[in-house]
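Breakdown of the fold
Read off the chains here:
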Amino acid sequence: MVLAGGAARRLGGADKPALSVGGRALLDRVLDACADAGRAIVVGGRRATARPVVWAREEPPGGGPLAALDAGVRHVGADAVVVLGGDLPFLDTATVRGLVDALDAGPAEAALAVDADGRDQPLVAAYRTEPLRREIALLATEHGRLSGLPLRLLTQELDLIRVSGRPLASFDCDTWEDLAAARARIREHGTVLDEWITAVKAELGIELDVDTGVLLDLARDAAHGVARPAAPLTTFLVGYAAARAQDGGPDAVAEAARKAAALAARWAQETPDGTEAG
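Since the structure is predicted, the reported quantities are computational estimates derived from the model, not experimental observations.

Right, let's talk about the overall build of the protein chain for a bit. Scanning the protein chain for helices and strands turns up ten helices and nine strands. A compact globule built from 278 residues would reach a C-alpha radius of gyration of about 19 Å, whereas the protein chain, at 24 Å, exceeds it by more than 25%. With respect to the principal axes defined by its C-alpha atoms, the protein chain has extents near 90 × 40 × 35 Å. Every one of the 278 residues in the protein chain was classed for burial, and the buried ones make up 40%. Of the contacts made within the protein chain by residues no fewer than 6 positions apart, 61% connect residues no fewer than 24 positions apart. Surface summary for the protein chain: the accessible area is close to 15,500 Å², and the carbon and sulfur share equals 53%. Between the averaged position of the 30 positive side-chain charges in the protein chain and that of its 40 negative side-chain charges there is a distance of 4 Å.

Let's shift gears to the sheet that holds strand β5 (residues 54-56). With respect to topology, seven strands assemble into an open sheet ordered β5-β4-β1-β6-β8-β7-β9, the strand pairing being mixed. Edge positions in the sheet fall to β5 and β9 (160-164), since each has one partner strand and no second. Pairing between strand β4 (residues 41-43) and β5: three bridges, direction parallel. Each bridged residue has a counterpart across the sheet, and for Ile41 the counterpart in β5 is Val54. In the packing of helix α4 (residues 129-143) onto the sheet, the strands contacted are β6 (80-85) and β8 (120-128), and the crossing angle to β8 comes to about 115°.

Next up on the list: the pattern of salt bridges. Considering all chains together, one arrives at 19 salt bridges under this definition. Across the salt bridge formed by Arg166 and Asp92, the nearest N and O atoms sit 2.8 Å from each other. Taken together, the positions of Arg166 in the loop between β9 and α6 (176-185) and Asp92 in the loop between β6 and α3 (93-104) put the pair 74 residues apart, joining distant regions of the chain. Taking relative accessible area as the criterion, Arg166 reaches 44% and is therefore assigned partly exposed. In this structure, Arg185 and Glu188 form a salt bridge, with 3.5 Å as the shortest nitrogen-oxygen distance.

Another point: the packing of helix α9 (residues 230-244) against helix α10 (residues 250-269). Running from amino to carboxyl end, α9 crosses α10 at an angle of 135°, the nearest separation of the two axes being 8 Å. Taken together, α9 and α10 sit at an angle that is classed as oblique. Considering the relative orientation of α9 and α10, their crossing is right-handed. Within the contact between the two elements, α9 uses Thr234, Val238, Ala241 and Ala242 and α10 uses Ala252, Val253, Ala256, Ala257 and Ala260.

Next up on the list: the layout of surface pockets. Approximately 1,300 Å³ is the volume found for the largest pocket. The wall of the largest pocket is formed by 39 residues, among which Arg24, Asp32, Thr93, Thr198 and Lys201 lie closest to the centre. Breaking the lining of the largest pocket down by element, the ones donating at least two residues are β3 (24-25), α1 (26-33) and α7 (192-204). Considering each element in turn, the lining of the largest pocket owes the most residues, seven residues, to α7. Each residue belonging to the lining of the largest pocket can be placed in one class, and the counts come to 17 nonpolar, seven polar and 15 charged. Here the second largest pocket defines a volume of roughly 1,000 Å³.

This paragraph deals with the pairing of strand β7 (residues 110-114). Most of β7 is tucked away, with five of its five residues classed as buried. Residues Ala110, Leu112 and Val114 of β7 are buried on one face, and the alternating residues Ala111 and Ala113, pointing to the opposite face, are buried as well. Bridge analysis of β7 against β8 gives five bridges, and the strand direction is antiparallel. Looking at the pairing, Ala110 lines up with Tyr127 of β8. What sits between the antiparallel neighbours β7 and β8 is a turn of five residues, in which Gly118 has the positive phi angle 80°.

Rules behind the numbers
Residue positions are given per chain, counted from 1 along the sequence in the order it is written. Restriction of local features to residues with pLDDT of at least 70 applies here, the model being predicted, together with a cutoff of 80 or more for giving and counting side-chain atom pairs; totals for whole chains, interfaces and linings are based on all residues. Side-chain measures here rest on the full set of heavy atoms in the structure, leaving out hydrogens and waters. The numbering of helices and of strands both runs from the N terminus, where a helix is a DSSP run of H or I of at least 4 residues and a strand a run of E of at least 2. The globule rule used here is 2.2 Å times the number of residues to the 0.38 power, and the radius of gyration it is set against is calculated over C-alpha atoms. Relative accessible area decides the class of each residue, using a 1.4 Å probe on protein chains only: under 20% of the type maximum gives buried, over 50% gives exposed, and in between gives partly exposed. What makes two residues a contact is simply this: any of their non-hydrogen atoms within 4.5 Å. Throughout, the Shrake-Rupley method with a 1.4 Å probe supplies accessible areas, and for residues the shown protein chains are the sole cover considered. Neither His nor the chain termini are counted; the positive set is Lys and Arg, and the negative set is Asp and Glu. By convention, the point assigned to a charge is CZ for Arg, NZ for Lys, CD for Glu and CG for Asp. Between any two strands, pairing holds if DSSP finds at least two bridges. Inter-axis angles, ranging from 0 to 180 degrees, are taken between N-to-C directions of lines fitted to C-alpha atoms, where helices are fitted over the stretch in contact. Salt bridges are defined by distance alone: a side-chain nitrogen of Lys or Arg within 4 Å of a carboxyl oxygen of Asp or Glu. For classification, angles of less than 35 degrees are called roughly parallel, those exceeding 145 degrees roughly antiparallel, those between 65 and 115 degrees roughly perpendicular, and all remaining angles oblique. Here a crossing is taken to be left-handed if its near helix is turned anticlockwise relative to the far helix by less than a right angle, and right-handed if that turn runs clockwise. A pocket here means an open set of points on a 1 Å grid, computed over the protein atoms alone, that has protein on both sides within 12 Å along at least five of seven lines. A cavity is instead a set of points where a 1.4 Å probe fits but cannot get out; residues with an atom within 4 Å of a point line either one. Grid points are joined across faces, edges and corners, and a volume is the space filled by probe spheres set on the points. Only Asp, Glu, Lys and Arg are considered charged, only Ala, Val, Leu, Ile, Met, Phe, Trp, Tyr, Cys and Pro nonpolar, and every remaining residue, Gly among them, polar.

What follows is the structure, encoded as structure tokens:
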């Protein structure tokens, strides 16, 4: 369940879930991190998304996280639900899986991520569905409403287990400065390639983990041993050949890359006078 209906006051009322980081909307980045979920529920205004979702709306619109949880949990059919904010640019599948595994491992009613400063992150968490419904109903009865109530009223009544969060997993974009920092972060030298490959795979609907080092080495060999334009064309042809192979998986990519790299090496060894380079 992704809560994406906030007013974004510190962003001047901007449509925060639609703001992009790395060419992808924040909401789509969050949905991509929980691709293994049996159902994706988004609480907020309807919009185009990269994967099919079930839509819900809190009452009143903009009524806060507890009202949003109440609207969303009505659509939950599983025994557990991962609850996420809609503005988490660096959330990843490993974080989501870690929360679910922690919840499954014991009797706790919720597993909350804890950030680097030791703060609970109730919107990066996994909850057992029935305790979540129970406490929401009790809060609604006690206060006569859910709108405007803080999330801590819910979490303080649950049996919690805390999970140390992965770096930046709970970083959220509440301000324009946060958004600028996120956009700068994915362009850093050590992360830009992984971010780009992830974005391309998401855009093309590809779920395939390949050794990018092998493809980069192939592109280098083709560029140096043949001609610079050969690099992108060769890697395209490797991908096409792998797609046509019987399994079409990472092994097929590796085998096609191996063959092309061997060809590039033989090409580079030849000289115009008919001899071979030493």
